[in-house]
Amino acid sequence: MSSNTERSLVLIKPDAVRRGLLGDILSRFERKGLLVDALELRTMDAALADEHYAEHVDKPFYPPLKDFMTSGPLAAVVLSGDSVIEVVRTMIGATDGRKAAAGTIRGDLALSNRENLVHASDSPDSAKRELAIWFPGRF
Ligand code: CMP
């Protein structure tokens, strides 16, 4: 079987850190067989939020999203593994925690479409862009 080792930028969001779910969420990724290549506790400032969420800055949900994402520390994580981008997106589930399938991180642990615990790169192009924003010159 062929493999496609790649990297994804994952943010374990401030709601997860506040709720004490950091270990649970990281553990799910590790038990899946993914590797943690980098891990830093960081607090987003306004400029970093605008850069990371550039495609959403004009959307009506962006101001409260920005307030939430800058409200406390989050874990910025680089994961690697076979097809990691798609695998992680499947593991986190649909954006809205109320609709995400049971068994996914959001489906099991979130009840909001804003405070949805995890962000993950959605394509190889966004992974490249997001890795450069969060870990410049490292990946
Ligand atoms: P994320 O995967 O980080 O990508 C964009 C984020 O915007 C998303 O997770 C949610 O936190 C948030 N988001 C997306 N759609 C909505 C919405 N309709 N209302 C509130 N927040 C949203």
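Our subject is the structure listed above.
Residues numbered from 1 in each chain as written. Predicted model: local features only at pLDDT ≥ 70, side-chain atom pairs only at ≥ 80, totals over all residues. Heavy atoms only, no water.

A. Geometry of the overall build of the protein. Helix and strand counts for the protein come out as seven helices and four strands. The helix and strand sequence of the protein, counted from the amino end, reads β-α-α-β-α-α-β-α-α-β-α. Here the protein has a C-alpha radius of gyration of 14 Å; the compact-globule value for 139 residues is 14 Å, and the two agree. Overall, the C-alpha framework of the protein stretches about 45 × 35 × 25 Å when taken along its three principal axes. Here the protein holds 139 residues, and 46% of them are scored as buried. In the protein, the share of contacts with a sequence separation of at least 24, taken over all contacts with a separation of at least 6, comes to 74%. Positive and negative charge centroids in the protein, built from 18 and 20 side chains respectively, lie 3 Å apart. (Helix = DSSP H or I, 4+ residues; strand = E, 2+ residues; numbered from the N terminus. Rg over C-alpha atoms; globule rule 2.2 N^0.38 Å. Buried < 20%, exposed > 50% of the residue type's maximum accessible area, 1.4 Å probe, protein only. Contact = heavy atoms within 4.5 Å. Lys, Arg positive; Asp, Glu negative; His and termini not counted. Charge placed at Lys NZ, Arg CZ, Asp CG, Glu CD.)

B. Quick look at the pattern of salt bridges. With the rule as written, the count across this model stands at seven salt bridges. Measuring nitrogen to oxygen at the nearest pair gives 2.8 Å for the salt bridge that ties Asp-37 to Arg-7. Residue Asp-37 is found in strand 2 (residues 35-42), and its partner Arg-7 is found in strand 1 (residues 5-12); the two are separated by 30 residues along the sequence. Residue classification places Asp-37 among the partly exposed residues on the basis of a relative accessible area of 29%. With a relative accessible area of 36%, Arg-7 lands in the partly exposed category. Two residues, Arg-28 and Asp-108, come together in a salt bridge whose shortest N-O distance is 3.1 Å. Of the two residues, Arg-28 sits in helix 2 (residues 22-32) while Asp-108 sits in helix 6 (residues 105-109), which places them 80 residues apart along the sequence. Take Asp-108: its relative accessible area is 39%, and that puts it in the partly exposed class. Salt bridges here are not isolated pairs; linked through shared partners, they connect Asp-24, Arg-28 and Asp-108. (Salt bridge = Lys/Arg side-chain N within 4 Å of Asp/Glu carboxyl O.)

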